[in-house]
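Take a look at the letters that make up each chain.
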Amino acid sequence: MSIKCQALKLIRHTASIALLLLLSASGCGSWDSESPPTEAEQLRTQFGAGQHLFSGASLQALLDHEDTTSPITLVQLIAVDDNESFSSYENQVEPIWQRHSGETTFASKIIDQMIGDRVFLEVRVIEFANTIAFIDALQDDAFVNAINTLFASSTNQTWVLGIQNSLPFDPSGGFFDPELQNLDRDAATELLNNVSLEADVESESSIASDDDTIIDMIVSDSPEAFHMVNLIDFYEEAQYFD
């Protein structure tokens, strides 16, 4: 399992998440047992079976960021191998978030898309009042058991921590396509197949996706707003067409 930096931007209404800190795997090893553990080392033990995946430097940076004024957001991208264990993790961790002003504001499945060499199937976005509240949640006595359950259910995950900032402009505009209105499943399937055929002709690559999920979205008449999360993997060197 690894926890690595992914280029990620979550745009939600008039706020964006700016990358602040990534809790990252760096194989830092254990500390000197004869010296009293630092606060960062104590915090790392809270991650139980996965503590070796977190660097002391990143956790120290988190502890040093003592901003009590800015809301902070945790984005979890999780590859789930055991749905029962993952469900148990969510039941355990949600009361912990809530005890420390945390609120899960977005929960979704990714449409079976490859991200690099990894497939993340679950997305969770948890917002906290500030950094101190997030640290308090990590230090909660019940967090160790919850995180051990998460590690038992997942072989791969990425955690991104960010702060909300106002966008430098007022977003406006919208999208409406009358051809997508009042489609039944058969018509939506035909439309999706036609789009896939055109994409295959125009490009050598295509997006691996769950057709049923896309069709459900097309035929849905729900008036509720929905979130779109762009997960972008950049080449080390930009590759441009002639």
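In what follows, the structure referred to is the one given above.
Predicted model, so just to flag it, every value in this text is computed and none were measured.

A short note on the overall build of the chain
Along its length, the chain carries seven helices and 10 strands. Taken over 242 residues, the chain has a buried fraction of 35%. Counted over contacts in the chain with a minimum sequence separation of 6, partners at least 24 positions apart contribute 78%. Summing over all exposed atoms, the chain offers an accessible surface of approximately 14800 Å²; the carbon and sulfur share of this is 50%.

Points about helix α2 (residues 56-64)
An α-helix turns once per 3.6 residues; consequently, residues spaced three or four apart project the same way. What α2 keeps buried is the set S58, L59, L62 and L63. The buried residues of α2 occupy an angular sector of 140° when the element is viewed end-on, so they sit on one face. The outward face of α2, more than 90 degrees from its buried face, is lined by the exposed residues A57 and D64.

Quick notes on the nonpolar core
Soluble, globular proteins show a tendency: their nonpolar side chains are buried together. The biggest cluster of nonpolar side chains holds 32 residues, and the ones touching the most others in it are F47, L74, W97, F128, F134 and F143. Those elements that place two or more of their residues in this core are α1 (39-45), α2, β4 (72-80), α3 (83-99), β8 (122-128), α4 (131-138), α5 (143-153) and β9 (154-166). If near-sequence neighbours (up to four positions away) are discounted, W97 is found in contact with L74, Y89, G102, T104, I126, F128, A137 and F143.

A look at the pattern of salt bridges
On inspection of all chains with the given rule, the structure shows three salt bridges. One salt bridge connects E90 with R124, and the closest N-O pair in it is separated by 2.6 Å. Within this pair, whereas E90 is found in helix α3, its partner R124 is found in strand β8, the two being separated by 34 residues in sequence. A relative accessible area of 26% means that E90 is categorised as partly exposed. Measuring nitrogen to oxygen at the nearest pair gives 3.0 Å for the salt bridge that ties R124 to E122. Judged on exposure class, the residue R124 and its partner E122 are both buried. Where salt bridges share partners, they join E90, E122 and R124 into one cluster.

What counts and what doesn't
- Residues numbered from 1 in each chain as written.
- Predicted model: local features only at pLDDT ≥ 70, side-chain atom pairs only at ≥ 80, totals over all residues.
- Heavy atoms only, no water.
- Helix = DSSP H or I, 4+ residues; strand = E, 2+ residues; numbered from the N terminus.
- Buried < 20%, exposed > 50% of the residue type's maximum accessible area, 1.4 Å probe, protein only.
- Contact = heavy atoms within 4.5 Å.
- Areas by Shrake-Rupley, 256 points an atom, 1.4 Å probe, with all protein chains shown as cover.
- Arc of directions from axis to C-beta.
- Core = buried A, V, L, I, M, F, W, Y, C linked by side-chain atoms within 4.5 Å.
- Salt bridge = Lys/Arg side-chain N within 4 Å of Asp/Glu carboxyl O.

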